[in-house]
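Residue-level structural notes
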Amino acid sequence: MALDLKPLADRVIVLPAAAEEKTKSGIIIPDTAKEKPQRGEVVAVGEGKISDQGVLVKSQLKVGDQVLYGKYAGTEISLEGADYLIMRESDILAVL
């Protein structure tokens, strides 16, 4: 997916995974009870962060990585009909 948005510094743009529609046992979850997803796909990555010594530290993430992030991490934006999260690389907990 090509995005015309380039994050700055150590920020990344994540496309959140869809919320679960039903449980493993088959119970349908109503919209009011759905939890915010905590995983998604990285769609854009910034250049990296400047260290205290003035050296550019490149991002460890790349486009296409499946990641886990904190429940309240990032800033929600809507672009081209899709919802994305912009967050710092440090807000990402793990790569799947």
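Scroll up a little and you will see the structure.
This write-up is about the structure you can find in this document.

Reading guide: rules and limits
Residues numbered from 1 in each chain as written. Predicted model: local features only at pLDDT ≥ 70, side-chain atom pairs only at ≥ 80, totals over all residues. Heavy atoms only, no water. Helix = DSSP H or I, 4+ residues; strand = E, 2+ residues; numbered from the N terminus. Buried < 20%, exposed > 50% of the residue type's maximum accessible area, 1.4 Å probe, protein only. Contact = heavy atoms within 4.5 Å. Areas by Shrake-Rupley, 256 points an atom, 1.4 Å probe, with all protein chains shown as cover. Pairing = 2+ DSSP bridges. Axes fitted to C-alpha atoms, helices over the stretch in contact; angles between N-to-C directions. Patch = residues over 30% accessible without salt bridge, like charges linked within 9 Å, V, L, I, M, F, W, Y side chains within 5 Å. Salt bridge = Lys/Arg side-chain N within 4 Å of Asp/Glu carboxyl O.

What follows covers the overall build of the chain. What the chain contains, in helices and strands, is 0 helices and 8 strands. Helices and strands appear in the chain in the N-to-C order β-β-β-β-β-β-β-β. Looking at the chain as a whole, 25% of its 96 residues are labelled buried. Within the chain, contacts between residues at least 6 apart in sequence are counted, and of these 60% link residues at least 24 apart. Carbon and sulfur atoms make up 54% of the accessible area of the chain, which amounts to about 6700 Å² in all.

Here we take up the sheet that holds strand E7 (residues 82–88). In a beta sheet, neighbouring strands pair by backbone hydrogen bonds and run either parallel or antiparallel. Strands sit in the order E6-E7-E1-E2-E5-E8 across an open sheet of 6 strands; the sheet is antiparallel. Of all the strands in the sheet, just strand E6 (75–79) and strand E8 (92–95) have a single pairing partner and so form its edges. The mean inter-strand angle of the sheet, taken between neighbouring strand axes irrespective of direction, is 45 degrees.

Taken together, the side chains of Leu68, Leu93 and Leu96 present a nonpolar region at the surface, about 300 Å² in accessible area. Positionally, leucine 96 belongs in the segment after E8.

A separate point is the pairing of E6. In terms of burial, E6 is a largely surface element, 0 of the 5 residues being buried. As judged from the 5 bridges shared by E6 and E7, these two strands associate in the antiparallel manner. Following the sheet pairing, glutamate 76 is matched in E7 by leucine 85. In sequence, E6 turns back onto E7 through a hairpin of 2 residues, with glutamate 80 there showing a positive phi of about 55 degrees.

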